[in-house]
Amino acid sequence: MGPHGVDFGPPTPHINQKRIGTAMKIFLDTADVAEIREYAASGLVDGVTTNPSLAAKTGRDYVESLKEICDIVPGAVSAEVLATDYDGMLKQAAIFTKIAKNIAVKVPLTWDGLKACAALSAQGHMVNVTLCFSPVQAMMAAKAGATFISPFIGRVDDIGEDGLGLIRDIRAIYDNYGFKTQILAASVRHVMHVREAALLGADVATIPTDVFKKLLGHPLTDKGLAAFIADAKKAGVVIKG
Ligand code: E4P
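Let me begin by describing the structure that accompanies this report. (Residues numbered from 1 in each chain as written. Predicted model: local features only at pLDDT ≥ 70, side-chain atom pairs only at ≥ 80, totals over all residues. Heavy atoms only, no water.)

**Topic: the overall build of the chain**
Point 1. Counting its regular elements, the chain contains 11 helices and eight strands.
Point 2. On the principal axes, the C-alpha backbone points of the chain span a range of 70 × 50 × 40 Å.
Point 3. For the chain, the computed accessible surface area is about 13,400 Å², with 60% contributed by carbon and sulfur atoms.
Point 4. Taking the 25 positively charged and 25 negatively charged side chains of the chain as two groups, their mean positions are separated by 4 Å. (Helix = DSSP H or I, 4+ residues; strand = E, 2+ residues; numbered from the N terminus. Areas by Shrake-Rupley, 256 points an atom, 1.4 Å probe, with all protein chains shown as cover. Lys, Arg positive; Asp, Glu negative; His and termini not counted. Charge placed at Lys NZ, Arg CZ, Asp CG, Glu CD.)

**Structural notes on the site of the ligand**
Point 1. As a matter of local geometry, the ligand sits amid Asp 29, Thr 49, Asn 51, Lys 106, Phe 152, Arg 155, Ala 186, Ser 187 and Arg 189.
Point 2. In the environment of the ligand, an oxygen atom lies 2.7 Å from a nitrogen or oxygen atom belonging to the side chain of Asn 51.
Point 3. A distance of 2.7 Å separates an oxygen atom of the ligand from a polar atom in the side chain of Arg 155.
Point 4. For the ligand, whose free accessible area comes to 350 Å², the fraction covered by protein is 84%.
Point 5. Of the residues contributing to the shell around the ligand, the split by class is two nonpolar, three polar and four charged. (Near = heavy atom within 4 Å. Polar contact = N/O pair within 3.5 Å; in protein donor to acceptor, adjacent residues only side chain to side chain. Nonpolar A, V, L, I, M, F, W, Y, C, P; charged D, E, K, R; others polar.)

**Observations regarding the sheet that holds strand 2 (residues 47-49)**
Point 1. The eight strands are arranged 1-2-3-4-5-6-7-8 in a closed barrel whose pairing can be described as parallel. Across the sheet, the mean angle separating the axes of adjacent strands is 30° when strand polarity is ignored.
Point 2. One ladder, built from two bridges, connects strand 2 with strand 3 (residues 77-80); its direction is parallel. For Thr 49, the partnering residue across the bridge sits in strand 3 and is Ser 78. (Pairing = 2+ DSSP bridges. Axes fitted to C-alpha atoms, helices over the stretch in contact; angles between N-to-C directions.)

**What to know about the nonpolar core**
Point 1. Counting 59 residues, the largest nonpolar core has Phe 96, Val 107, Val 129, Ile 149, Ile 170 and Tyr 174 as its most contacted members.
Point 2. Ranked by residue count, the leading element in this core is helix 8 (residues 163-177), at six residues.
Point 3. Ignoring anything within four residues of it in the chain, the contact list for Val 107 reads Val 81, Met 89, Gly 113, Ala 116, Cys 117, Leu 120, Val 127, Asn 128, Val 129 and Thr 130.
Point 4. Core analysis: the next-biggest nonpolar cluster, separate from the first, contains eight residues, Ala 76, Phe 152, Ala 186 and Val 204 among them. (Core = buried A, V, L, I, M, F, W, Y, C linked by side-chain atoms within 4.5 Å. Buried < 20%, exposed > 50% of the residue type's maximum accessible area, 1.4 Å probe, protein only. Contact = heavy atoms within 4.5 Å.)

**A short note on the pattern of salt bridges**
Point 1. The tally for this structure, following the rule as stated, stands at eight salt bridges.
Point 2. Here Asp 175 makes a salt bridge to Arg 171, at a shortest N to O gap of 3.2 Å. Of the two residues, Asp 175 and Arg 171 both sit in helix 8, four residues apart, roughly one turn of that helix.
Point 3. What makes Arg 171 buried here is its relative accessible area of 7%.
Point 4. We note a salt bridge from Glu 196 to Arg 195, for which the minimum N-O separation is 3.1 Å.
Point 5. What makes Arg 195 partly exposed here is its relative accessible area of 48%.
Point 6. By sharing partners, the salt bridges in this structure join Arg 37, Arg 60 and Glu 68 into a single network. (Salt bridge = Lys/Arg side-chain N within 4 Å of Asp/Glu carboxyl O.)

The structure is reproduced here in structure tokens:
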């Protein structure tokens, strides 16, 4: 029953009541400091994800870039290890976690990666487990105490499988067992991925800047605004202070 005695029926299935009031976080998927500075000025960027390929594109020292990025955004900044063995991951994680409190150490979804995830989480660090391509991998990452799990929806679509289905399955498994690991939709290719990730209850979407720019664009918004301005001008409507 609704607040005014009206029966609204069962909730819309894609709306998970538990997440109402906590909007999906928006991260930028780039290591380019200038781009991050530009888009973060909107006040709508919560965090950043980087990876070795994105870092390589900038041609800059990775740790230096991360220091600057951590100062720009309020939320988690993912810094990805290059080591593939447990000891090596922990050594590189120690370098990253000294940078700032908002560093999330990014580790691959491997046995060593999940072991490192458990150790880093136990030390109180945020951990983003990356390269997730199956719901069971995501369940194992949650058991290892991951703060974020990164299912790569675009890369799953690229091989003719269902990237958004992966988000749906992980959401169901996490909700079944009350896992607190946040689902971070990664490898986002277009605005529809953002829309569907939000409908499915992803906690975060990490978005390349070319997609971020398109989040607000709508031809009817542009047309409607032009008409409002033109009508006011024609009739001499002014706003007096
Ligand atoms: C972010 O954490 C991932 O590394 C990134 O989204 C991968 O995106 P891509 O598949 O476009 O390289």
